[in-house]
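A look at the structure
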Amino acid sequence: MSVLRDLQTRAAARPAHIVLSEGHDPRVVAGALAALDAGMGPITLVGPAAEINAQLARADATGAKALTIQDPETSPLTEAYAALYFELRKHKGVSEDVAARAARDPLNFAALMVRNGDADGTVGGAVATTSDTVRAALQMIGKAPDAALVSSFFLMALPDGHPSGRSAMVFGDCGLVIDPDAGELAAIAAQSAASCAQLLGDAPKIGMLSFSTKGSARHERVTKVTDALAILQRDHPHLPADGELQFDAAFVPDVGASKAPGSDVAGHANVLIFPNLDAGNIGYKIAQRIGGCDAIGPVLQGLARPANDLSRGCTAQDVTNIIAVTTLQATPQEPS
Ligand SMILES: CC(C)(COP(=O)(O)OP(=O)(O)OC[C@H]1O[C@@H](n2cnc3c(N)ncnc32)[C@H](O)[C@@H]1OP(=O)(O)O)[C@@H](O)C(=O)NCCC(=O)NCCS
Ligand SMILES: CC(=O)OP(=O)(O)O
């Protein structure tokens, strides 16, 4: 899909050190090697060195350029990271012993590399659950000072020649915030719009999704979405957004024109904001598994530094793509 090739090409032009916390997983190794081949990196694989070396030998890639290994059990960095973990978590009653054990967990170790400035961004989640992956990022890297919250989105690459004529969209939040209130939903929409502009270079049009379009149903869950739209429009009046919209009204021009006449967004939304994580997580997996989209993410937004997640169902290609996205987040460029 050309949008993914474009992401990789742009990432290859912007060197960034990406650390992968599941360096022993064959998909992660293959994805990392493909990213290096495409010109991205450098890359560090974190995990048990013997297992990682066995994977590299199997891939005939021992001694690959720009690839390093960090085994938290033996790394000279582990002691300093245990002290850093203790500093970050002592207000929660964490002891030095617990911190020393936690720093040896590859998820925490990789996030601590980023926190300490030893790497530019981290990726996990091919093996670990999203909860564990995101918790390490929240606890070790933390929210950016100017962010309302940390949320996530999927970059959805539609199959080439899709009848809609679309190539890529942003779906948020399909991975992190379980039951956002109206204010949180508005913040997720604003963050997702900024991510759309940053990663795809597309002008965002935000569809606030619901089971109702423009008052076709009355329910407190619909009111949450219209309240979120009002907050979004108050705080970001320049952002094109509309709601509440059903998926067809947001995506299909004819249906948008008939269900939401006069809306510039209905039928043309490229940033779809789901009302909660049930809808978002189920929705992106249906688009991926039945619709044939490539789903890159969950990409986290609102963190102080980049840390991203994967689905446990990911492929090596997904790993390469999220390395590209993490690289682009780590090396933001001024708009020209
Ligand atoms: C992400 C998740 C693990 C956070 O859970 P949690 O119980 O709040 O985790 P923690 O308490 O360890 O949070 C760590 C810190 O981050 C903060 N935090 C949690 N969610 C946050 C958010 N969205 N934005 C900013 N900070 C957040 C917490 O307040 C906490 O701060 P503290 O350490 O100063 O107290 C939880 O929201 C979750 O499980 N989400 C769903 C993940 C999932 O299963 N997705 C489906 C598959 S993709
Ligand atoms: C994003 C997601 O749903 O992750 P997993 O499939 O690993 O639960």
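Residues numbered from 1 in each chain as written. Chains lettered and ligands numbered in written order. Predicted model: local features only at pLDDT ≥ 70, side-chain atom pairs only at ≥ 80, totals over all residues. Heavy atoms only, no water.

1. Quick word on the pairing of strand β8 (residues 241-245)
Of all five residues in β8, five are buried; the element is thus mostly enclosed. Note that strand β7 (residues 206-209) and β8 share four bridges and pair parallel. Bridging across to β8, M208 finds its partner in G243. One crossover worth recording links β7 to the parallel β8 by way of helix α9 (residues 220-235), and it is right-handed. (Buried < 20%, exposed > 50% of the residue type's maximum accessible area, 1.4 Å probe, protein only. Helix = DSSP H or I, 4+ residues; strand = E, 2+ residues; numbered from the N terminus. Pairing = 2+ DSSP bridges. Right-handed = clockwise from strand over helix to strand, strands pointing away.)

2. Focus on the sheet that holds strand β9 (residues 271-273)
Taken in spatial order, the six strands of this open sheet run β8-β7-β9-β6-β5-β10, and their pairing is mixed. One side of each edge strand has no neighbouring strand; the edge strands of this open sheet are β8 and β10 (294-301). Strand-to-strand twist in this sheet, taken as the mean axis angle between neighbours without regard to direction, amounts to 20 degrees. In this fold helix α1 (residues 2-12) packs onto β5 (151-157), β6 (168-172) and β10, with an angle of close to 120 degrees to the strand it touches most, β5. (Axes fitted to C-alpha atoms, helices over the stretch in contact; angles between N-to-C directions. Contact = heavy atoms within 4.5 Å.)

3. Remarks on helix α7 (residues 130-140)
Along α7, the residues that are buried comprise T133, V134, A136, A137 and M140. Viewed along the axis of α7, the buried residues span an arc of 150 degrees, placing them on a single side of the element. The inward-facing, buried residues of α7 contact α4 (78-89), α6 (106-115), β10 and β11 (307-308). G142 lies just past α7 and shows a positive phi near 80 degrees. (Arc of directions from axis to C-beta.)

4. Things to note about the UniProt feature "domain: Phosphate acetyl/butaryl transferase" (unreviewed entry) in the protein
When the UniProt feature table is mapped to this numbering, "domain: Phosphate acetyl/butaryl transferase" (unreviewed entry) covers residues 3-326. The span residues 3-326 shows a helical share of 44% and a strand share of 15%, and its end C-alpha atoms are spaced 15 Å apart. (UniProt positions renumbered as here; feature names shortened; annotations may be inferred.)

5. Points about the site of ligand 1
Near ligand 1, the surroundings consist of 17 residues, among which R89, K92, S131, V150 and G175 are the closest. One of the side-chain nitrogen or oxygen atoms of S131 is found 3.0 Å away from an oxygen atom of ligand 1. Its free accessible area being 940 Å², ligand 1 has 62% of it covered by the protein chains. Taken together, the elements giving at least two residues each to the shell around ligand 1 come down to α7 and α12 (277-289). Tallying contributions element by element places α7 first for the shell around ligand 1, with six residues. (Near = heavy atom within 4 Å. Polar contact = N/O pair within 3.5 Å; in protein donor to acceptor, adjacent residues only side chain to side chain. Areas by Shrake-Rupley, 256 points an atom, 1.4 Å probe, with all protein chains shown as cover.)

6. Some details on the site of ligand 2
The environment of ligand 2 is made up of T130, F154, N281, Y284, K285, P298, S311 and R312. At 2.9 Å from an oxygen atom of ligand 2 is found a side-chain nitrogen or oxygen belonging to K285. Between ligand 2 and the protein, one listed contact pairs an oxygen atom with a side-chain N or O atom of S311 at 2.7 Å. Burial of ligand 2 by the protein amounts to 86% of the accessible area it has alone, namely 260 Å². Counting residues per element, the shell around ligand 2 draws most heavily on α12, at three residues. In terms of residue class, the shell around ligand 2 is built from three nonpolar, three polar and two charged. (Nonpolar A, V, L, I, M, F, W, Y, C, P; charged D, E, K, R; others polar.)

7. As for the pairing of β7
Neither face of β7 is open: one carries I206 and M208, the other G207 and L209, and all of them are buried. Where β7 and β9 come together, three bridges link them in parallel fashion. Bridged to M208 within β9 is I273.

8. Points about the environment of A269
With respect to the helices, strands and loops of the structure, A269 is situated in the loop between α11 (253-259) and β9. Sequence separation of A269 and T213 is 56 residues, and the distance between their C-alpha atoms is 14 Å.

9. Concerning unusual backbone geometry
Between G172 and the following residue, D173, the backbone shows a cis peptide bond with an omega angle of -20 degrees. When you line up the elements, D173 lands in the loop between β6 and α8 (182-200). Look at the link from G297 to P298: it is a cis peptide, with omega at 0 degrees. By the element assignment, P298 lies in strand β10. Residues other than glycine seldom take positive phi values, yet D60 does so here, at roughly 55 degrees. In this fold, D60 is placed in the loop between α3 (49-58) and β3 (67-70). Backbone geometry at A66 places phi at a positive 65 degrees, although glycine is not the residue there. With respect to the element layout, A66 can be found in the loop between α3 and β3.

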